Amino acid sequence: QVQLVESGGGLVQAGGSLRLSCAASGDIFSINYMGWYRQAPGKQRELVAHKASGGGPNYADSVKGRFTISRDNVLHKNMIYLEMNSLKPEDTAVYYCNIGAQTTGWEVDDFWGQGTQVTVSS
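Numbers given to residues run from 1 along each chain, matching the order in which its sequence is written. Since the coordinates come from a predicted model, pLDDT governs what is reported: local features require at least 70, and pairs of side-chain atoms require 80 or more to be given and counted, while whole-chain, interface and lining totals use all residues. Derived side-chain values reflect all non-hydrogen atoms in the structure, with water molecules and hydrogen atoms excluded from consideration.

(A) Just the packing of aromatic side chains, in detail. Classification of ring pairs rests on two measures: the distance between centres of Phe, Tyr or Trp rings, Trp counted by its six-membered ring, which must be within 6.5 Å, and the angle between planes, read as stacked under 30 degrees, edge-to-face over 60 and tilted in between. Summed over all chains, the structure comprises one aromatic pair. Placement of a charge over a ring requires the Lys NZ or Arg CZ to be within 6 Å of the ring centre, with the centre-to-atom vector within 35 degrees of the ring normal. One Lys or Arg, Arg 19, reaches over the ring of Tyr 81 and ends 4.2 Å from the middle of that ring. Cation over ring: Arg 45 sits above Tyr 96, and NZ or CZ is 3.8 Å from the ring centre.

(B) Quick look at the nonpolar core. By size, the foremost hydrophobic cluster in this structure holds 31 residues, and its most contacted members are Trp 36, Leu 82, Met 84, Tyr 95 and Ile 99. Runs of E in the DSSP output that reach at least two residues are strands. Runs of H or I that reach at least four are helices, and both are numbered from the N terminus. For this core, the secondary structure elements donating two or more residues are strand 1 (2–7), strand 3 (18–26), strand 4 (30–39), strand 5 (46–52), strand 7 (67–74), strand 8 (77–84), strand 9 (93–102) and strand 11 (116–121). If you tally residues by element for this core, the top one is strand 9, at five residues. Only heavy atoms enter the contact rule, under which two residues are in contact if any of them lie within 4.5 Å. Excluding residues within four positions of it along the chain, Leu 82 makes contact with Leu 18, Arg 19, Leu 20, Trp 36, Val 48, Ala 49, Phe 67, Thr 68, Ile 69 and Tyr 95. What we call a nonpolar core is a set of buried Ala, Val, Leu, Ile, Met, Phe, Trp, Tyr and Cys residues that are connected through their side-chain atoms within 4.5 Å. Three labels apply to residues, based on accessible area from a 1.4 Å probe with only protein chains included: buried if under 20% of the type maximum, exposed if over 50%, partly exposed otherwise in between.

Set out below in structure tokens:
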């Protein structure tokens, strides 16, 4: 079983920064892709940042140059980060971590975290 737990959300003023963290634990053999999505009230969930293993990152046009996705391994946990700078009120949303991982078989399964709220005040 795989569990994703996000943290790092909160309230920040426009122009500020936040770093979201996602701890992926469980029977993970490999992570094939990772991403961050967000959903604002009344809107559909949208892609913020995505990176496939061995590939370069892709960002939504609205966050290019301000957000950075990265990955690390800390204490045997796969950590996925989203560094967010120059935040704008329109970045306000619930942010979700997503990975595609191989666990016990060859299939790549999709996993999601529970979300963390980011609120940017003007």
